[in-house]
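Listed here are the chains, written in short residue letters.
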Amino acid sequence: MNILVLFESDREGYCFKPLVESLKETHEVTLHVVSVYNDLRKIENMLHKHNYDLVVAGSGLAASLPGVVSSLTKVPVFGLPVETHFGGIDALLSMLQMPMGNPVLTAKVGGHNEIVQFISLIDSSLKKMDTVNLIVDGGVMEYEYMNNEINRTRVLCEDKGLELRSSGTIDKDCFNICLVTDPDMIHANDMCLHVPVLENTMREKPTEAFMIYEWIDKGGIWLGVDNARNAVLSFLRLRTMVENKR
């Protein structure tokens, strides 16, 4: 696999060096330190002129780099938040909360191991996979906020020619997306994307962001709150990547 690694500053070497070293054990890796604000044209040229299979982009503070990269490419983009201020929660939320259509597969702050592990799980089984399994806590299935999330995910799946199922556990024959309402639901070591789904009043409270931070800190790869659609789009990017490599 040909992987492009982008970081904003040489000062973040403590974060990107172990990532690059781990990925180089099994993949071809190209590292560039670039500023999304000063080197945007350079980033565009990199993405358009080279046949990278996926991108890992890391940054701190406002952490615009992964989201901008996701808007410029159709390959999977992983985001690695760097702890600069506030324990890295600013960078984490910047990557996590991308709008529908520009997904960033987000790891915990400094979580290069989560990214390396997830990439190691990507294999040819994704090539012909056309079923998505939503892992849902049965106790919240009937709540309106959960039904809304499932229904709009179903509409997107139908539009993309995918079958949608739901269950309480990992289904090895499907691509799994966990709609997390409790930290015990996290599948940090499986090929599974995680999406926090919150009741309306919880989404209105700024302090709930700290709860999401704690969930993500338990591991795994995550998409934004109530955004299972971006998880579906991430699956399609991953599947296309695998198909293109065959």
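For the structure, see preceding data.
Calculation criteria
- Residues numbered from 1 in each chain as written.
- Predicted model: local features only at pLDDT ≥ 70, side-chain atom pairs only at ≥ 80, totals over all residues.
- Heavy atoms only, no water.
- Helix = DSSP H or I, 4+ residues; strand = E, 2+ residues; numbered from the N terminus.
- Buried < 20%, exposed > 50% of the residue type's maximum accessible area, 1.4 Å probe, protein only.
- Pairing = 2+ DSSP bridges.
- Right-handed = clockwise from strand over helix to strand, strands pointing away.
- Axes fitted to C-alpha atoms, helices over the stretch in contact; angles between N-to-C directions.
- Parallel < 35°, antiparallel > 145°, perpendicular 65-115°, else oblique.
- Contact = heavy atoms within 4.5 Å.
- Nonpolar A, V, L, I, M, F, W, Y, C, P; charged D, E, K, R; others polar.
- Phe/Tyr/Trp six-rings, centres within 6.5 Å; stacked < 30°, edge-to-face > 60°.
- Disulfide = S-S within 2.5 Å.
- Arc of directions from axis to C-beta.
- Salt bridge = Lys/Arg side-chain N within 4 Å of Asp/Glu carboxyl O.
- Core = buried A, V, L, I, M, F, W, Y, C linked by side-chain atoms within 4.5 Å.

1. Notes on the environment of D123
Within the secondary structure layout, D123 lies in the loop between α5 (112-121) and β6 (131-135). When the C-alpha atoms of D123 and D10 are compared, they prove to be 32 Å apart, with 113 residues separating the residues in sequence.

2. A short note on the pairing of β6
For β6, a buried count of five out of five residues is recorded, marking the element as mostly surrounded by other parts of the structure. Going residue by residue along β6, you find T131, N133 and I135 tucked away on one face and V132 and L134 tucked away on the opposite face as well. In terms of strand pairing, β6 meets strand β7 (residues 163-167) through five bridges, oriented parallel. Bridge pairing links L134 to S166 in β7. The β-α-β motif built from β6, the intervening helix α6 (residues 144-159) and the parallel element β7 has right-handed crossover chirality. Of the strand pairs in this sheet, β6 and strand β8 (residues 175-180) are connected by four bridges, and their pairing is parallel. Bridging from a neighbouring strand, L134 pairs with I177 of β8.

3. A look at the packing of helix α4 (residues 89-96) against helix α8 (residues 208-216)
The interhelical angle for the contact between α4 and α8, taken along N-to-C directions, is 85 degrees, at an axis separation of 11 Å. One element, α4, and the other, α8, form an angle in the roughly perpendicular class. For the pair α4 and α8, the contacting residues are I89, L92, L93 and L96 in the first and A209, F210, I212, Y213 and I216 in the second. Residues belonging to the contact of α4 with α8 are distributed by class as follows: nine nonpolar, no polar and no charged.

4. Overview of the packing of aromatic side chains
Following the criterion strictly, the structure yields four aromatic pairs and no others. Centroid distance F7 to F16: 5.1 Å. Interplanar angle 55 degrees. Geometry classified as tilted. Comparing F7 with F16, the two get one shared label, buried. An angle of 20 degrees between the planes, with centres 4.6 Å apart, marks the rings of F175 and F235 as stacked.

5. Some thoughts on the state of the cysteines
Taken as a whole, this structure holds zero disulfides when the rule is applied. Here C174 stays unpaired: no disulfide links it, and the sulfur of C157, its closest cysteine neighbor, is 11 Å away. Left without a disulfide partner, C178 is nearest to the cysteine sulfur of C192, which lies 5.2 Å away. With a relative accessible area of 0%, C178 lands in the buried category.

6. Concerning helix α2 (residues 40-49)
Among the residues of α2, those classed as buried are I43, M46 and L47. Along the long axis of α2, the arc covered by the buried residues comes to 90 degrees, so they all point the same way. Across α2 from its buried face, at more than 90 degrees, point the exposed residues R41, H48 and K49. Lining the buried residues of α2 we find β1 (2-7), β2 (28-33), β3 (54-59) and α3 (65-72).

7. Regarding the pattern of salt bridges
In the structure shown here, the tally under the stated rule is eight salt bridges. Among the ionic pairs, K108 bridges to E114, the shortest N-O distance being 3.9 Å. We note a salt bridge from R165 to D171, for which the minimum N-O separation is 3.5 Å. Here R165 falls in the partly exposed class, since its relative accessible area comes to 37%.

8. Looking at the pairing of β2
Relative to β2, β1 runs parallel, the two being bridged by six bridges. Its bridge partner lying in β2, F7 is registered against V33. Handedness of the crossover joining β1 and β2 through helix α1 (residues 13-23) is recorded here as right-handed.

9. Some points on α4
Among the eight residues in α4, six count as buried, and that is most of the element. Considering only its buried residues, α4 is in contact with β3, α3, β4 (77-81), β5 (105-106), α8 and β10 (221-222).

10. Re the nonpolar core
V5, V56, F78, I119, F175, I177 and L179 are the most contacted members of the largest nonpolar core, which totals 52 residues. Sorting elements by how many residues they give to this core places helix α9 (residues 228-245) first, with nine residues. Setting aside residues no more than four positions away along its own chain, F175 makes contact with L126, M129, T131, V132, N133, M191, L193, F235 and L238. Core analysis: the second largest hydrophobic core is formed by 15 residues, L96, C178, I186 and V225 among them.

Read these as spatial facts, not as claims about activity.
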